[in-house]
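Listed here are the chains, written in short residue letters.
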Amino acid sequence: LKWVQGKCIVNSISLKVGEAEFKRQAEVVKSFGAAVVVMAFDEEGQAADKDNKIRICERAYKIMVEEVGFAPEDIVFDVNILTVATGMSEHNNYAMDFIEAVEHLKRSCPGTRYSGGLSNLSFSFRGLNDVREAMHSVFLYHAIQRGLDMAIVNAGALPIYEDIPQPLKRYCEEVILNQSDDGQHVERLLQFAEEEKAKKEAGGGVAKKVDTEEWRKGTFRQRLSHALIKGIDKYVVEDTEEARQQMPCLEVIEGPLMDGMGTVGDLFGAGKMFLPQVIKSARVMKKAVGYLIPFMEEEKKKKALETGEDPDKPNWAGVVLLATVKGDVHDIGKNIVGVVLGCNNYRVIDMGVMVPWEKILEKADEEKVDIIGLSGLITPSLDEMVTVAMQMKKKNLKVPLLIGGATTSKMHTAVKIAPEYENGVVHVLDASRSVCVVGNLINQKNKPAYLGDLKEEYTELRKDYYDSQEEKTFFELEKTRKMKLPVDFVKEPPVCRPKVLGSFVWWDYPIQEVIPYIDWTPFFHLYQLRGKYPNRDFPALFKDERVGEQAEKLFEEAKQFLQELIDKKLLKLSAAIGIWPCNSKGDDMVVYTDESRKEVAGTFYGLRQQQDQGQDVALCLSDFVAPHPDRPNGAPDYIGGFACTAGIGSKEQVAKYEEKHEVDKSILLEAVADRLAEAFAEVIHLKMRKELWGFAPDENLSLEELLKVKYQGIRPAPGYPSQPDHREKETLWQLLQADKSGMTLTDSFMMQPAASVSALVFTHPKSEYFSVGQVALDQIKDYAARRGEGTSRAETERWLGSNLGYDPKKAK
């Protein structure tokens, strides 16, 4: 802006960065006399429907014009042209949502201009330029009349509206306006596009009609394809055997089976199949291949005797190695990615969990893989991923590296991992994105441009990150400690003395008592079944037009599966629970062996909020616990804790399912066990409040109220926002004697079985959940010293990497 000549348009700003940052950016643009494109995003994400487009733009207009003093004529709103005719009904009105929003905003935000990126509109019809260009022309014809000022489009390729041939023009008109007499306009345009595509591929010939005969009457090829797409495994062995009688095993896999899975992959990529259906398809595929393997071994031996050579390997689209990195035990997300890639004709080598970098690279070299994918959940896993990237560079590998998992992010990948390996590091958000990413990396024509664009994006992200770091300020440690939560423990004393003190174990807790406390919403999110507001969460999700029916089917399946777990006693629930005398000491919480409070049993170390965000209070968990009774503002106080699992028996059962190629059941078991563990934590905390501690005996909250934390107190987990150091689990483990419950703690402080939850329990009415966020070097030094690490802070920096408000390589 300092160097550009004349008046330019800045592209772009939006409210997704928060109102304060949005205002700052607008003020900078205004100070240079530039115009600006404002995208219809806010803190909740992209505006898709008309109402949200209007709401966000009117809010942005009010801020810019009334608060910043921006000239309305210098504001260009881009209210998001989104893709129509995707096969998903919720997308059908996107064109009209845009057009009607523009028409409304022209009146409510006078003086502003409107723009949009037109290519998004027709993205469903990639490769059919005639259809896409006709859609663009029809859209502009209507949008310009309603107020659209400009668009990003290849104007030279636009046909004249009146020259678009029928019936294409009519079909486009119906889809853009989302109206027709029979309501079948989307299907009509999709069918037209399919016919055009078939003609194109046939050099202008006529596409063949698909045989709609009952599927069991079809050929074995048709039956296998249908079984794969529908996830029906009832007849797959006999149909596979029929195919084997007519062709070699390898051709059965490369032919009808891979063809069917290719269709599954295409449907999933187009949003016409959902993840639970894809997982069932994978089950059918595994059963078919499992049946063929013994015969293939015989064929190999026979061919080896005849030719002295091994038979050719299957014609995979590529080979992908997946592993959860050393120190981490969570793998359900990785398993789903493996299923999705397998459905798209990729050979997936899954190395499991807690895999050291040496074994990952050794296996990658041995199998000559095309891509390595790493997964991780905890903060140290991020460091381990950096190590893998560094070792890949040292060993001069050329294969791309995929990064995924709950704690990973595009920003972390760009800042910490990508600089360590120059042959492609890609963050993958979830399973649905993996096929597109892997496809671009496998395709040698697409790969250079794809990685080039990514490199440019990651470079920009790194710049943004380091710029933002420079702008962050932190309170000095002593000042932030003076900003602790003001609690007068004399006027607001701790709750009653617990009815039960010490630690104990609940073994084989009844699953039936836990089921009513399950929060099902994350279960559906795991299967990527996300509804549209107001039907986002369970049970309203079942009303969602797009995913409701599939979600309801999955829910019925999960309920039946839970009953099977109970009837066959496949899983056991256990817990270690404790309540102990405890008092705060500065930022720490000291646990005593008994109520004399003389002998220390253990110490939980706290971290305090330190980043300056204009706040008056800087929280630490110790703020919720009274000081020792002998100290000012002191009082007898207590702390609770527990560790629980719903995973005892799951490892053995998953192995049995996988042996029978029942991949859908193994994933369902892990998903259900995870939900049971969280529900069990809810039950334990409830019983602590009402019975064991007994400070809320009359509490009577619904599940919805429990999930919204309407009760008194909190149960933060070590390793999460309120105390992000996973090492705190070790103290909790020792106090609980948690090994007696059948759970173990790994060297990296991960709980096993994976479907486990641990937490500290605070009871003061003022206790609340919070995030420590980033902290400064002075607090890290102090924290490490309190933990007995002396002047060395390396270990603490490793465990708190994402919470460091400085670069440890540059800090003194």
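What you are looking at is a predicted structure, and each value in this text was computed from that prediction instead of being measured.

A few points about the overall build of the chain
Within the chain, the secondary structure is distributed over 26 helices and 19 strands. What you see for the chain is a C-alpha radius of gyration of 30 Å, in line with the 28 Å of a compact globule of 812 residues. For the chain, the C-alpha atoms occupy an extent of roughly 90 × 80 × 55 Å along the three principal directions. Burial statistics for the chain: of 812 residues in total, 50% are counted as buried. A sequence separation of at least 24 residues applies to 74% of the contacts in the chain between residues at least 6 apart. By element, 49% of the accessible surface of the chain is carried by carbon and sulfur atoms, the whole surface being about 38700 Å². Across the chain, the 106 positively charged side chains and the 125 negatively charged ones have centroids separated by 2 Å.

Some points on the environment of Leu669
Along the chain, Leu669 falls in helix α22 (residues 663-692). Sequence separation between Leu669 and Ser650 is 19 residues; the distance between their C-alpha atoms is 7.3 Å. In contact with Leu669, not counting residues within four places along its chain, are Phe561, Leu565, Leu571, Ser650, Gln653, Val654 and Tyr657.

Considering a negative patch on the surface
On the surface, a cluster of negative charge is contributed by Asp453, Glu456, Glu460 and Asp464. As for its position among the elements, Glu460 is in helix α16 (residues 447-471).

A short note on helix α12 (residues 357-367)
Restricting attention to buried positions, one finds in α12 the residues Trp357, Ile360, Leu361, Ala364 and Glu367. Angular distribution of buried residues about the axis of α12 spans 140 degrees; they occupy a single face of the element. For α12, exposure combined with an orientation more than 90 degrees from the buried face picks out Lys359, Glu362 and Asp365.

Concerning the nonpolar core
Residues Phe523, Phe524 and Phe642 are the most contacted members of the largest nonpolar core, which totals 84 residues. Top element by residues in this core is α22. It accounts for 16 residues. Sequence-distant contacts of Phe523, that is, excluding residues within four places in its chain, are made with Leu554, Ala558, Leu668, Ala671, Val672 and Arg675. Val36, Ala47, Val84 and Ala85 belong to the second-largest nonpolar core, a separate cluster that totals 62 residues.

Digging into the state of the cysteines
Under the criterion given, the structure shown has zero disulfides. Left without a disulfide partner, Cys620 is nearest to the cysteine sulfur of Cys582, which lies 12 Å away. Here Cys620 falls in the buried class, since its relative accessible area comes to 0%.

A look at the packing of helix α4 (residues 129-145) against helix α5 (residues 168-177)
Look at α4 against α5: their axes get within 9 Å of each other, and the N-to-C directions meet at 55 degrees. One finds that α4 runs oblique with respect to α5. The two elements α4 and α5 meet at a crossing, and its hand is right-handed. Contact with α4, carried on its side by Asp130, Val131, Ala134, Met135, Val138, Phe139 and His142, involves Leu168, Lys169, Cys172, Glu173, Ile176 and Leu177 of α5 and no other residues of that element.

With respect to the sheet that holds strand β10 (residues 401-404)
Strand order in the open sheet formed by five strands is β8-β7-β9-β10-β11, and the pairing between neighbours is parallel. Either end of the sheet is taken by a strand with one partner, and the two such strands are β8 (346-350) and β11 (425-427). Going across the sheet, the axis of each strand differs from the next one's by a mean of 25 degrees, ignoring polarity. Relative to β8, strand β7 (residues 318-324) runs parallel, the two sharing five bridges. The residue bridging Gly318 from the neighbouring strand is Tyr346, located in β8.

Notes on the sheet that holds strand β2 (residues 35-39)
Reading across from one edge, β1-β2-β5-β6 is the order of the four strands in this open sheet, with parallel pairing throughout. Of all strands in the sheet, those bounded by a partner on one side alone are β1 (9-13) and β6 (113-115). Direction aside, the axes of adjacent strands within the sheet are offset by 30 degrees on average. Two elements, strand β5 (residues 75-78) and β6, share three bridges in a ladder whose sense is parallel. If you follow Val76 over to β6, its bridge partner there is Arg113. Sitting on the sheet, helix α1 (residues 19-31) touches β1 and β2, and the angle it makes with β1 is about 175 degrees.

A look at the side chain of Ser574
Within the secondary structure, Ser574 is located in strand β13 (residues 572-585). Apart from the residues within four sequence positions on either side, Ser574 is in contact with Trp506, Trp507, Asp508, Ala643, Cys644, Thr645, Ile648, Phe680, Ser741 and Met743.

Considerations on the pairing of strand β9 (residues 371-375)
Within β9, five of the five residues are buried, leaving the element largely enclosed by the surrounding structure. Residues Ile371, Gly373 and Ser375 of β9 are buried on one face, and the alternating residues Ile372 and Leu374, pointing to the opposite face, are buried as well. Two strands pair when backbone bridges link them, and β7 and β9 are joined in this way by five bridges, in the parallel orientation. Note on β9: the bridge partner recorded for Ala323 is Leu374. Of the strand pairs in this sheet, β9 and β10 are connected by four bridges, and their pairing is parallel. Note on β10: the bridge partner recorded for Gly373 is Leu402.

Notes on the packing of aromatic side chains
A complete count under the given rule lists 25 aromatic pairs for this structure. Connected via pairs of aromatic rings, a cluster forms that spans Trp520, Phe523, Phe524, Tyr527, Phe538, Phe542 and Phe555. Looking at Arg216, its charged tip hangs above the ring of Trp215, at a distance of 4.8 Å from the centre. Arg597 extends its terminal NZ or CZ atom over the ring of Tyr638, reaching a point 5.0 Å from the ring centre.

Regarding a nonpolar patch on the surface
On the surface, Leu1, Val4, Val28 and Phe32 cluster together to form a nonpolar patch covering roughly 300 Å² of accessible area. Mapping Leu1 onto the fold places it in the segment before β1.

A look at unusual backbone geometry
In this chain, Phe538 is followed by Pro539 through a cis amide linkage whose omega measures 0 degrees. Residue placement: Pro539 occurs in the loop between α19 (521-526) and α20 (548-568). Of note in this structure, Arg597 is not a glycine but carries a positive phi near 60 degrees. Among the secondary structure elements, Arg597 is positioned in the loop between β14 (588-592) and β15 (600-604). Of note in the backbone geometry, Asn633 takes a positive phi value of approximately 60 degrees without being a glycine. Position of Asn633 among the secondary structure elements: in the loop between β15 and β16 (638-648).

A look at the environment of Lys7
Mapped onto the secondary structure, Lys7 falls in the segment before β1. Accessibility expressed as a relative area gives 54% for Lys7, which makes it exposed. Every residue in contact with Lys7, bar those within four places of it in the chain, is listed here: Gly33, Ala34, Ala35 and Asp74. Side-chain polar atoms of Lys7 contact the backbone oxygen of Gly33, separated by 2.9 Å. A distance of 3.1 Å separates polar atoms of two side chains, one belonging to Lys7 and the other to Asp74.

Considerations on the pairing of β5
Of the two faces of β5, the one lined by Ile75 and Phe77 and the one lined by Val76 and Asp78 are each fully buried. Examined bridge by bridge, β2 and β5 share four bridges and lie parallel to one another. By the bridge assignment for β5, Val36 is matched with Ile75. Traced from β5 through helix α3 (residues 94-108) to β6, the parallel crossover comes out right-handed.

Reading the values: the criteria
- Residues numbered from 1 in each chain as written.
- Predicted model: local features only at pLDDT ≥ 70, side-chain atom pairs only at ≥ 80, totals over all residues.
- Heavy atoms only, no water.
- Helix = DSSP H or I, 4+ residues; strand = E, 2+ residues; numbered from the N terminus.
- Rg over C-alpha atoms; globule rule 2.2 N^0.38 Å.
- Buried < 20%, exposed > 50% of the residue type's maximum accessible area, 1.4 Å probe, protein only.
- Contact = heavy atoms within 4.5 Å.
- Areas by Shrake-Rupley, 256 points an atom, 1.4 Å probe, with all protein chains shown as cover.
- Lys, Arg positive; Asp, Glu negative; His and termini not counted.
- Charge placed at Lys NZ, Arg CZ, Asp CG, Glu CD.
- Patch = residues over 30% accessible without salt bridge, like charges linked within 9 Å, V, L, I, M, F, W, Y side chains within 5 Å.
- Salt bridge = Lys/Arg side-chain N within 4 Å of Asp/Glu carboxyl O.
- Arc of directions from axis to C-beta.
- Core = buried A, V, L, I, M, F, W, Y, C linked by side-chain atoms within 4.5 Å.
- Disulfide = S-S within 2.5 Å.
- Axes fitted to C-alpha atoms, helices over the stretch in contact; angles between N-to-C directions.
- Parallel < 35°, antiparallel > 145°, perpendicular 65-115°, else oblique.
- Left-handed = near helix turned anticlockwise from the far one by under 90°.
- Pairing = 2+ DSSP bridges.
- Phe/Tyr/Trp six-rings, centres within 6.5 Å; stacked < 30°, edge-to-face > 60°.
- Lys NZ or Arg CZ within 6 Å of the ring centre and 35° of its normal.
- Polar contact = N/O pair within 3.5 Å; in protein donor to acceptor, adjacent residues only side chain to side chain.
- Right-handed = clockwise from strand over helix to strand, strands pointing away.

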